[in-house]
Amino acid sequence: MNEHLRVDGARLWQSIMQMADIGATANGGSHRLTLSDEDKAARDLFAGWCSEAGLTMQVDELGDIFARREGSDAKQAPVAIGSHLDTQPFGGRFDGVFGVLAGLEVIRSLNDHGIATVKPLEVVNWTNEEGARFAPSMLASGVYGGVFALDWALARRAVDTDATLLDELRRIGYHGALPAREREFAAFIECHIEQGPILDSAGIPVGVVDAAQGFRWYDITLEGFASHTGSTPMVGRRNALLGMAKVALAVEEIAAAHAPLARGTVGSQVAVGPGSRNVIPGRVDFTVDLRHPSAATLEKMDAALRRACEAAAAEYGLELSLAQISDTQPVAFDTNCVAALERACARLGIENQRITSGAGHDACYVARRAPTAMLFAPCKDGISHHESESAEAADLEAVCNVLLHAALELAGVA
Ligand code: GLV
Ligand code: MN
Ligand code: MN
C-alpha cells in the first residue's frame with residue numbers, strides 16, 4: 001500500500017517560498033546569515049511548523065535543532081534528515097533550505113497518511129553550514145563529526161561584529177542544553193540542489209550522491225608598507241596587493257595543473273588596508289579555497305599554494321601569515337544508504353544518476369559518525385551562492401518522494 005505514497009509537492013514548494021520571505025533580497029534571493037535576526041526568524045518559523053506536525057524539539061549547545069517523530073521502537077536510533085537554514089550573503093532560496101523542508105515534508109506526509117515507522121525520524125537544522133559569517137563552513141556538523149573542537153567552534157568570531165558564535169547563539173535564544181555530540185543516528189540523508197550544471201544539462205531530476213570532493217580553506221595575510229603613492233619611488237615598494245595578485249594567479253594555475261577536477265579560488269572576501277587611493281596597499285587579508293576529489297592531489301595543491309605565497313612574499317618584501325582553517329577530506333558515502341536511495345528511485349520509476357558533490361555539505365561530516373548519503377535536485381544552469389539560484393518544483397518533489405521512500409525503508413514501517 002505504501003508504494004502509492006507521495007509527498008505533497010505543492011506544500012513543499014510553498015514552505016520553501018515562505019521561508020524565502022525571511023531575508024528576501026530585491027533580486028529574488030535570500031540573505032539569512034548564520035545567527036542573524038533573519039536566521040532566528042527562520043528557526044522560529046521552522047520550529048513552529050515542527051510543533052504543528054507534532055514533533056518534539058531539542059536544541060544543542062551549538063544551536064542545532066533536532067525535531068523528532070517517535071518510532072514504534074523508541075529505543076532505536078533515529079533516521080535523520082536535514083541540512084541548513086542559513087544562507088550565503090545575497091544567496092539563493094534553495095541551498096540548504098530544501099534539505100530541511102524536504103525532511104519536514106516527509107513527516108507531514110506520513111502524518112497525513114497515518115503511517116508510523118519503527119525507528120524514530122528526526123529533521124535536523126545544522127548551525128552555520130555556510131561559513132560566510134563564521135568561518136569555516138559546516139562548523140556544527142564538523143563538531144558532531146569530531147573534526148572541530150566544541151570550544152574552538154563556540155569561540156569563532158563573526159566577520160561583521162566582534163561577537164563569538166556563543167554570544168550570537170545566546171543573543172538569538174538558540175544556545176540549547178543538549179550536548180553537541182550526543183545524538184546518534186541510524187542513518188542520515190541530506191537533500192540539496194546540485195549547485196553545479198550536471199543534472200540540469202542532462203535533464204535528470206534526481207542525483208544519487210555517492211561521494212563528495214575534499215576541500216581546504218586558508219586565511220592569508222600579506223603585510224608590506226603603506227606610503228604615499230606620489231612620492232614613493234616605484235622601485236623598493238612593499239605593495240601587499242601585488243603579492244595577493246600573484247597568489248591569485250598562482251591559485252588559478254594550481255587548479256589548471258590538476259584540471260578538469262581541481263578548483264582553486266581566492267574568495268570574494270578581501271580586505272585591503274589602510275583604505276585610501278593615494279596610499280600604497282600596506283596589508284591584504286584574503287582567503288583561498290582549494291578543492292579536489294583526491295586527497296593526494298589536494299595535498300599537492302596545498303604544497304603549491306604555500307610555495308606560491310612564499311614566493312610572492314619574497315618578491316615584494318612582505319610578511320606572510322597563512323592559517324589553514326579547514327581540511328575537509330573527500331568522502332565516500334555509505335553504500336547501503338546509496339543503495340536504499342537507488343531502490344527508492346527504481347520503485348518510483350524516477351530517472352536518476354550517480355554524482356559526486358562539488359560542494360561541501362553537513363552530510364560530509366555527519367558521514368564520519370553515521371551511515372550517510374545525499375540526494376541532489378538540478379538547479380537552473382548550475383547556479384548557486386547567487387540570488388538567481390533557481391529550481392523546478394517538480395524536481396524538488398521527485399527528490400522528496402525518493403527521500404520519503406528511502407526513509408521508510410531505512411526506518412521500517414511499523
Ligand atoms: C559549503 O557550502 C561549500 O563551500 O561547499
Ligand atoms: Mn548548502
Ligand atoms: Mn551553500
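Preceding this section is the structure that the text describes.
A few words now on the overall build of the chain. The secondary structure content of the chain amounts to 12 helices and 14 strands. The C-alpha radius of gyration computed for the chain amounts to 22 Å, which stays within 12% of the reference 22 Å derived for 414 residues, consistent with globular compactness. Each principal axis of the C-alpha distribution contributes one length, and for the chain these read about 80 × 45 × 40 Å. Looking at the chain as a whole, 56% of its 414 residues qualify as buried. Across the chain, 35 positive and 54 negative side-chain charges occur, with their mean positions spaced 3 Å apart.

Here the focus is the site of ligand 1. Around ligand 1 lies a shell formed by Glu129, Glu130, Trp217, Arg291, Ala359, Gly360 and His385. At 3.3 Å, a side-chain N or O of Glu129 approaches an oxygen atom of ligand 1. Within the contact set of ligand 1, an oxygen atom lies 2.7 Å away from a side-chain nitrogen or oxygen of Arg291. Residue classes in the shell around ligand 1 are distributed as 2 nonpolar, 2 polar and 3 charged.

What follows concerns the pairing of strand β2 (residues 65-69). Burial analysis of β2 places 5 of its 5 residues in the buried class, which makes it a mostly covered element. Side-chain alternation along β2 places Ile65, Ala67 and Arg69 on one buried face and Phe66 and Arg68 on a second face that is also buried. Here strand β1 (residues 56-59) pairs with β2 via 4 bridges, running antiparallel. Each bridged residue has a counterpart across the sheet, and for Val59 the counterpart in β2 is Ile65. Counting the residues between successive antiparallel strands, the hairpin from β1 to β2 contains 5 residues, one of them, Gly63, with a positive phi of roughly 85 degrees.

A word on the coordination of the manganese ion (ligand 3). Each protein donor to the manganese ion (ligand 3) is listed here as Asp95 (OD), Glu130 (OE), Glu130 (OE) and His385 (NE2); together their distances run 2.1 to 2.3 Å. Positions of the donor residues of the manganese ion (ligand 3), expressed as sequence spacing, correspond to D-x34-E-x254-H. Between the manganese ion (ligand 3) and the manganese ion (ligand 2) the interatomic distance comes to 3.5 Å, and Asp95 is a ligand of both metals. Here Asp95, found in the loop between β3 (79-83) and α3 (97-113), pairs with Glu130, found in the loop between β4 (121-125) and α4 (139-144); they are 35 residues apart in sequence, far enough to count as distant. With a relative accessible area of 4%, Asp95 lands in the buried category.

Conventions we followed
Residues numbered from 1 in each chain as written. Chains lettered and ligands numbered in written order. Predicted model: local features only at pLDDT ≥ 70, side-chain atom pairs only at ≥ 80, totals over all residues. Heavy atoms only, no water. Helix = DSSP H or I, 4+ residues; strand = E, 2+ residues; numbered from the N terminus. Rg over C-alpha atoms; globule rule 2.2 N^0.38 Å. Buried < 20%, exposed > 50% of the residue type's maximum accessible area, 1.4 Å probe, protein only. Lys, Arg positive; Asp, Glu negative; His and termini not counted. Charge placed at Lys NZ, Arg CZ, Asp CG, Glu CD. Near = heavy atom within 4 Å. Polar contact = N/O pair within 3.5 Å; in protein donor to acceptor, adjacent residues only side chain to side chain. Nonpolar A, V, L, I, M, F, W, Y, C, P; charged D, E, K, R; others polar. Pairing = 2+ DSSP bridges. Donors = N, O, S within 2.8 Å, 3.2 Å for Na, K, Ca; no water.

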